[in-house]
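What follows is each chain in one-letter form.
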Amino acid sequence: METYYNPKDLPKFTDIGKEAPDLAKKFFEYYTSVFKEGELTEREKALIALAVAHTIQCPYCIDAYSNACLEKGSNTAEMTEALHVAVAIRGGASLVHGLQMRKITEEVSM
Amino acid sequence: METVAPTVLELAPFSNVLVEHNLALTRDSATTLQVNVGKLCNLECQHCHVEAGPDRQEVMEKNTIDNVVSFASRCDFEVVDITGGAPELNPNLAYLVSSIYNHVPKLMLRTNLTSLPDKKYDQLINTLSKYKVVIVASLPSVSQLQTDAQRGNGIFEKSLTILKKLNEAGYGCKNSGLELDIVSNPTGAFFPPSQSAAEKRFKSYLDRRWGIEFNNLYVVTNVPLGRFQKWLVKSSNYENYMHKLADSFNPGSIGGVMCRSYVSVSWNGFLYDCDFNQATNLPLGGSKTHVTDLDGPPMLGDPIAVSDHCYSCTAGAGFTCGGSID
Ligand code: SF4
Ligand code: SF4
C-alpha cells in the first residue's frame, strides 16, 4: 500500500541537498557535530533525540533513534523512561496552560 | 544440523567486494590458537553461531587434546584461547589447561558464567587462578531484560553471582594479576556500541549497582550463522541485517581482522581460520587440515577462506572475536 512515509526513503535523506547543496552541507555538518560525544555521551544524546522524535512525532526520527539508542548501548527500559520525560513535559505544558483557563474563567465568572 | 535457506539477498559476495577494493585476506603471523573444546552447552542463546546446546554430543576428547597440545608445542603461539560451547562442561578442561600451560605465555578461557553449580565454580576458579588463566566472561548487557531475552530466564542474576565470586577470588581486581574481561554483544539485529563508551558504562554500572569490577570490555558483532541466522530469518531481519553489514564494509578493517593472527581448532582436531568458519565448516585456507598434519603454524601470506559472514568482521570500525578494533 502506498503511504506518505516509507522506511526505504530514510537513507535518501541526503538527496535533500540536490537543490541547495551549500545549505545541506552546513546542516549535515552541524547535525553530525551535535551528536558527537561532548559533555554528554553519544548514548545520552541519542536518548534525548528519541524523546524529541516522539514529541514531534516524526516516524523517520523514531525509526532512526530507536535503532541508534540500541546501538549506543541503551535498552528498552531506558528508552521508555526517556519517552516519559518528553511525555511529562508535553503533558505538563498543556496542564500548566490550565492557569490561563482558570484566569480567564475567573475574570468572566461571578 | 539443519541449514537455513535464506531469502535471495542480492548481496555482492564478500570475495567480490575484496577484489573490487583490490584487497586480499591473507595470514599474518599466527599468534593465537583458539581451541573449541566442544559444542555442548547448558544454554541455547539466540545469537549463538555455534548452535551449541545441552543435546550436542561433540566434545573434545583426551587424545585430541594431546594432539592440540603437541601442535601448540610445535608453534610459537602467544595465546591459547579456550572456547566452546561451555568449556567448563568438558570433563578434560583441567587436563587441557595444565598440559598446554607450559607451551604458551597466556591462556584465556571463555565462559558463559552459568554452566556449573556455584560450588563447582569455586573448584574451577581455583584451577584457573593457579595457572593465571584470563577469564573472558559473556554478559551481553547490563540490563536483565536484554540479557535474559538472549540467553534465557535467570541467566543475568546467575551471571552476577559468579562475577562476584570471581572478584572475591581476586579476578578483575587491581594488582591481583588475575584478569577478568567481559564480552558484550547486541541483543538483536543491530550493531554494538563503541567499545570504549560501552566499557565506561559497564564499569560504572556494574560497580555502582553490584560492586563488580573487571578489567576490559570487548564488544562483538553478532555473526549471521547458526542459531542467530535462524533467528534473523524467522524475525524477518535477515535481509536488512546482511545489507546493513555489507553497506558498512570498511576496507580499512581488513588489516585487523581476527583470522589474520588466529588459528581455530575444532573439537575433533580440524583447523579453521576462525571460529565462524568452523561453525560453517569452511576449513583452514579452504582445505581440510587436521592438527596432526602441520609441522608448524600456517605461513605468513597464506590465503584465508572467506564467505559472506565475513561482512560482520568488516562493518564500520571492524569487530572481531577479540572485540572492536576502534
Ligand atoms: S552463545 Fe555461548 S553460552 Fe550461548 S549457547 Fe552458544 S556457546 Fe553456549
Ligand atoms: S569471519 Fe573469520 S575469516 Fe571471515 S573476516 Fe571474520 S575472522 Fe576472518
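Reading the values: the criteria
Residues numbered from 1 in each chain as written. Chains lettered and ligands numbered in written order. Predicted model: local features only at pLDDT ≥ 70, side-chain atom pairs only at ≥ 80, totals over all residues. Heavy atoms only, no water. Helix = DSSP H or I, 4+ residues; strand = E, 2+ residues; numbered from the N terminus. Rg over C-alpha atoms; globule rule 2.2 N^0.38 Å. Buried < 20%, exposed > 50% of the residue type's maximum accessible area, 1.4 Å probe, protein only. Contact = heavy atoms within 4.5 Å. Buried area = accessible area lost by both parts, 1.4 Å probe. Salt bridge = Lys/Arg side-chain N within 4 Å of Asp/Glu carboxyl O. Polar contact = N/O pair within 3.5 Å; in protein donor to acceptor, adjacent residues only side chain to side chain. pLDDT = per-residue confidence, 0-100. Near = heavy atom within 4 Å. Nonpolar A, V, L, I, M, F, W, Y, C, P; charged D, E, K, R; others polar. Patch = residues over 30% accessible without salt bridge, like charges linked within 9 Å, V, L, I, M, F, W, Y side chains within 5 Å. Areas by Shrake-Rupley, 256 points an atom, 1.4 Å probe, with all protein chains shown as cover. Phe/Tyr/Trp six-rings, centres within 6.5 Å; stacked < 30°, edge-to-face > 60°. Axes fitted to C-alpha atoms, helices over the stretch in contact; angles between N-to-C directions. Parallel < 35°, antiparallel > 145°, perpendicular 65-115°, else oblique. Left-handed = near helix turned anticlockwise from the far one by under 90°. Pairing = 2+ DSSP bridges. Core = buried A, V, L, I, M, F, W, Y, C linked by side-chain atoms within 4.5 Å.

## Points about the overall build of chain B
Stage number 1. Scanning chain B for helices and strands turns up 10 helices and 10 strands.
Stage number 2. For 326 residues, the compact-globule estimate of 2.2 N^0.38 gives 20 Å, and chain B sits close to it at 19 Å.
Stage number 3. Structurally, chain B occupies a C-alpha span of about 50 × 45 × 35 Å along its principal axes.
Stage number 4. Within the span of chain B, comprising 326 residues, buried residues form 56% of the whole.

## Quick word on the interface of chain A and chain B
Stage number 1. The interface of chain A with chain B comprises 9 residues on the first partner and 9 residues on the second.
Stage number 2. Note on chain A versus chain B: buried area summed over both sides is about 820 Å², and carbon and sulfur give 45% of it.
Stage number 3. Its largest share of buried area at the contact with chain B, chain A owes to Leu70(A), Glu71(A) and Asn75(A), together 58% of the area lost on that side.
Stage number 4. Across the contact surface, chain A and chain B share 3 salt bridges.
Stage number 5. Among the salt bridges present, the one from Glu78(A) reaches Arg201(B), with a minimum N-O distance of 2.8 Å.
Stage number 6. Taken together, the links from chain A to chain B amount to 4 residue pairs in polar contact (both at pLDDT 80 or more).

## Structural notes on the confidence of the model for chain A
Stage number 1. In this model, chain A carries an average pLDDT of 94, and 99% of its residues clear a pLDDT of 70 or more.
Stage number 2. Element-level mean pLDDT values for chain A span from 94 in helix α5 (residues 98-108) of chain A up to 97 in helix α2 (residues 42-56) of chain A.

## Things to note about the site of ligand 1
Stage number 1. Surrounding ligand 1, one finds Cys41(B), Leu43(B), Glu44(B), Cys45(B), His47(B), Cys48(B), Ala52(B), Gly85(B), Asn112(B), Arg151(B) and Arg227(B).
Stage number 2. Across the shell around ligand 1, the residue classes break down as 5 nonpolar, 3 polar and 3 charged.

## Some thoughts on a nonpolar patch on the surface
Stage number 1. Taken together, the side chains of Phe13(A), Ile16(A), Phe27(A), Tyr30(A) and Val34(A) define a hydrophobic patch exposed on the protein surface, amounting to about 510 Å² of accessible area.
Stage number 2. The residue Phe13(A) is located in the segment before α1 (21-34) in this model.

## Some words on the environment of Thr55(A)
Residue and element names in this part refer to chain A.
Stage number 1. Along the chain, threonine 55 falls in helix α2.
Stage number 2. For threonine 55, a relative accessible area of 27% gives the class partly exposed.
Stage number 3. Sequence separation between threonine 55 and methionine 79 is 24 residues, and the spatial gap between their C-alpha atoms is 14 Å.
Stage number 4. Leave out the neighbours within four places in its chain, and threonine 55 touches Ala86 and Arg90.

## Some details on the site of ligand 2
Stage number 1. Around ligand 2, the structure places Met258(B), Cys259(B), Cys274(B), Phe276(B), Asn277(B), Ile304(B), Ala305(B), His309(B), Cys310(B) and Cys313(B).
Stage number 2. Here the shell around ligand 2 is built from residues that sort into 8 nonpolar, 2 polar and no charged.

## Focus on the packing of aromatic side chains
Stage number 1. Counted according to the given criterion, the structure contains 16 aromatic pairs over all chains.
Stage number 2. Between Phe13(A) and Phe27(A) the ring centres are 6.5 Å apart and the planes differ by 65 degrees, which places this aromatic pair in the edge-to-face class. In this pair, Phe13(A) sits in the segment before α1 while Phe27(A) sits in helix α1, placing the two residues 14 residues apart along the sequence.
Stage number 3. Accessibility expressed as a relative area gives 42% for Phe13(A), which makes it partly exposed.
Stage number 4. Note on Phe27(A): relative accessible area 37%, which makes it partly exposed.
Stage number 5. Taken together, a centroid distance of 5.6 Å and an interplanar angle of 75 degrees make the contact between Phe156(B) and Trp210(B) edge-to-face. With Phe156(B) in helix α6 (residues 155-168) and Trp210(B) in helix α7 (residues 195-210), this pair connects stretches of sequence that are 54 residues apart.

## Side note on the packing of helix α2 (residues 62-74) of chain B against helix α3 (residues 93-100) of chain B
Residues and elements named next belong to chain B.
Stage number 1. Two elements in contact, α2 and α3, have axes whose closest approach is 10 Å; the angle formed by their N-to-C orientations is 20 degrees. In terms of orientation, α2 lies roughly parallel with respect to α3. Crossing hand, α2 versus α3: right-handed. Every residue of α3 that contacts α2 at Lys62, Ile65, Asp66, Val68, Val69 and Ala72 is listed here: Tyr95, Leu96, Ser99 and Ile100.
Stage number 2. Taken together, the residues of the contact of α2 with α3 break down into 7 nonpolar, 1 polar and 2 charged.

## Things to note about the side chain of Asn185(B)
Residue and element names in this part refer to chain B.
Stage number 1. Here asparagine 185 is to be found in the loop between β5 (180-184) and α7.
Stage number 2. A distance of 3.3 Å separates the side chain of asparagine 185 from the side chain of glutamine 150, its partner in a polar contact.
Stage number 3. Here the side chain of asparagine 185 touches asparagine 222 through a polar contact of 3.0 Å, side chain to side chain.

## Focus: the sheet that holds β5(B)
Residues and elements named next belong to chain B.
Stage number 1. Strand order in this open sheet of 8 strands is β6-β5-β4-β3-β2-β1-β7-β8, and the pairing throughout is mixed. Of all the strands in the sheet, just β6 (216-219) and β8 (271-272) have a single pairing partner and so form its edges.
Stage number 2. Looking at chain direction, β5 and β6 are connected through 4 bridges and run parallel. Each residue of the ladder has a partner; that of aspartate 181, found in β6, is asparagine 216.
Stage number 3. Most of the contacts of α7 go to β6, to which it runs at about 130 degrees, and overall it touches β5 and β6.

## Comments concerning the nonpolar core
Residues and elements named next belong to chain B.
Stage number 1. With 55 residues, the main nonpolar core has Leu33, Val35, Phe77, Leu163, Leu166, Tyr171 and Leu206 as its most contacted residues.
Stage number 2. What leucine 166 contacts, discounting residues up to four positions off in sequence, is Leu113, Ile125, Ile135, Tyr171 and Leu180.
Stage number 3. Grouped together as the second largest cluster of nonpolar side chains are 29 residues, Val223, Leu225, Met258 and Cys259 included.

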